[in-house]
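The chain contents come next:
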Amino acid sequence: MKKIISAKEAANMIKDGSSIMVGGFLSCGTPDKIIDELVKLNVSDLTMICNDTSTPGNDRGKLIENRQVKKVIASHIGTNPETGRQMHDGEIEVELVPMGTLIEKIRAKGTGLGGVLTPTGVGTIIEEDKQTMTIDGKKYIFEKPLGADFALIYGTKVDRYGNVSFEGTTRNHNTIMATAAETVIVQADELVDCLDPNEVVIPGLFIDYVVAGEEN
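Values in this document were obtained by computation on a predicted structure and should not be read as measured data.

To continue, consider the overall build of the protein. Within the protein one finds six helices and 12 strands. For the protein, whose C-alpha radius of gyration is 17 Å, the value lies close to the compact-globule estimate of 17 Å for 216 residues. Overall, the protein is about 55 × 40 × 30 Å in size when its C-alpha atoms are taken along their principal axes. Every one of the 216 residues in the protein was classed for burial, and the buried ones make up 50%. Seen as two clouds, the 22 positive and the 32 negative side-chain charges of the protein have centres 3 Å apart.

Right, dumping it as structure tokens:
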């Protein structure tokens, strides 16, 4: 069985300067309780890998507003004006990565690949300072694998063995991020004794800790 911990205990594992992957698409499928505890602890100099920086005052957006993030690697930041302001003022480094490319970079890390080749971004600023290859007359950008110290993910239902299931689109980036971090912490909406195997989306072998229950 996996160790069941509180959101505060989860946040306490993350130290200044850590890299974190945070699941969710805007506020859908986001481990908000863990993020709230990170805000309270004021953990700083984080590198945050995520789809987006959410919206002002919500989940990942709180880390941005509290200036706890030194670098963000994301697909878009347009829903949070504060991210754009900090970027333009030189307060935060932003690396924008096309969404499909971001997922494949994370997948490459999780599956042990040396990288991926993609035509997305060829001829744009995405290509700058990156290795390219031409295969059968078509040009590709070589993208390196992307991992993190911690993956903070969400699950609709999680059992005591760490198996995770999802409702609807809450699975989004959570599924692939669970494969690509040194330590994976899942925040469960509901903790159950044992999931039906047909419900399992992320096998428990990928999960290190479970944050569960309304009391957290």
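After that view, the rundown keeps rolling.
Right, let's talk about the sheet that holds strand β8 (residues 138-143) for a bit. In any sheet, the strands associate via hydrogen bonds between backbone groups, in a parallel or an antiparallel arrangement. If you walk across this open sheet you meet the three strands as β6-β8-β7, and the pairing is antiparallel. Each end of this open sheet is capped by a strand with a single partner; those strands are β6 (116-118) and β7 (132-135). Taken pair by pair, the neighbouring strands of this sheet meet at an average axis angle of 40°, ignoring direction. Judged from the four bridges that link them, β7 and β8 form a sheet pairing that is antiparallel. Looking across to β8, one finds that Met-133 is bridged to Tyr-140.

Pairing of β6 with β8, which is carried by three bridges, proceeds in the antiparallel orientation. Its bridge partner lying in β8, Leu-117 is registered against Phe-142. Connecting β7 to the next strand, β8, in antiparallel fashion are two residues, including Asp-136 with a positive phi near 50°.

Turning to the pattern of salt bridges, a few remarks are in order. Using the criterion set out here, one finds 17 salt bridges in the structure. With its nearest N and O atoms 2.6 Å apart, the salt bridge here joins Arg-60 to Asp-52. Residue Arg-60 is classed as buried on the basis of its relative accessible area, which comes to 0%. Members of the salt-bridge network, linked through shared partners, are Arg-67, Glu-82, Arg-85, Asp-89 and Glu-91.

Take the environment of Gln-187 next. Tracing the chain through its elements places Gln-187 in strand β11 (residues 181-192). If near-sequence neighbours (up to four positions away) are discounted, Gln-187 is found in contact with Thr-30, Pro-31, Asp-32, Lys-33, Ile-34, Ile-153, Tyr-154, Gly-155 and Val-211.

Take the pairing of strand β2 (residues 19-22) next. Along β2, one buried face is formed by Ser-19 and Met-21 and the opposite face, lined by Ile-20 and Val-22, is buried too. Running through helix α2 (residues 32-41), the crossover from β2 to the neighbouring parallel element strand β3 (residues 46-49) is right-handed. As defined by bridge partners, β2 adjoins strand β9 (residues 148-159) across three bridges and the pair is classed as parallel. When the sheet's bridge partners are listed, Met-21 is paired in β9 with Ala-151.

Basis of the calculations
Each residue is numbered by its place in its chain's sequence as written, counting from 1. The predicted origin of the model limits local features to residues at a pLDDT of at least 70 and limits the giving and counting of side-chain atom pairs to 80 or more, whereas totals for whole chains, interfaces and linings rest on all residues. Water and hydrogen atoms play no part in the side-chain values, which are based on all heavy atoms of the structure. Put simply, DSSP H or I for four residues or longer makes a helix, DSSP E for two residues or longer makes a strand, and each gets a number counted from the N terminus. We take the radius of gyration over the C-alpha atoms and set the globule estimate at 2.2 Å times the residue count to the 0.38 power. Whether a residue is buried, partly exposed or exposed follows from its accessible area with a 1.4 Å probe, protein chains only, as a fraction of its type maximum: under 20%, in between, or over 50%, in that order. Neither His nor the chain termini are counted; the positive set is Lys and Arg, and the negative set is Asp and Glu. Taken as the charge centre is NZ of Lys, CZ of Arg, CG of Asp or CD of Glu, depending on the residue. Pairing between strands is defined by DSSP: at least two bridges between the two strands are required. In this analysis, axes come from line fits to C-alpha atoms, helices being fitted only over the stretch in contact, and the angle between any two N-to-C directions falls in the range 0 to 180 degrees. Salt bridges are counted wherever a side-chain nitrogen of Lys or Arg sits within 4 Å of a carboxyl oxygen of Asp or Glu. It only takes one pair of heavy atoms within 4.5 Å for two residues to be counted as in contact. Handedness rule for crossovers: strands pointing away from the viewer, path from the first strand over the helix to the second running clockwise, crossover right-handed.

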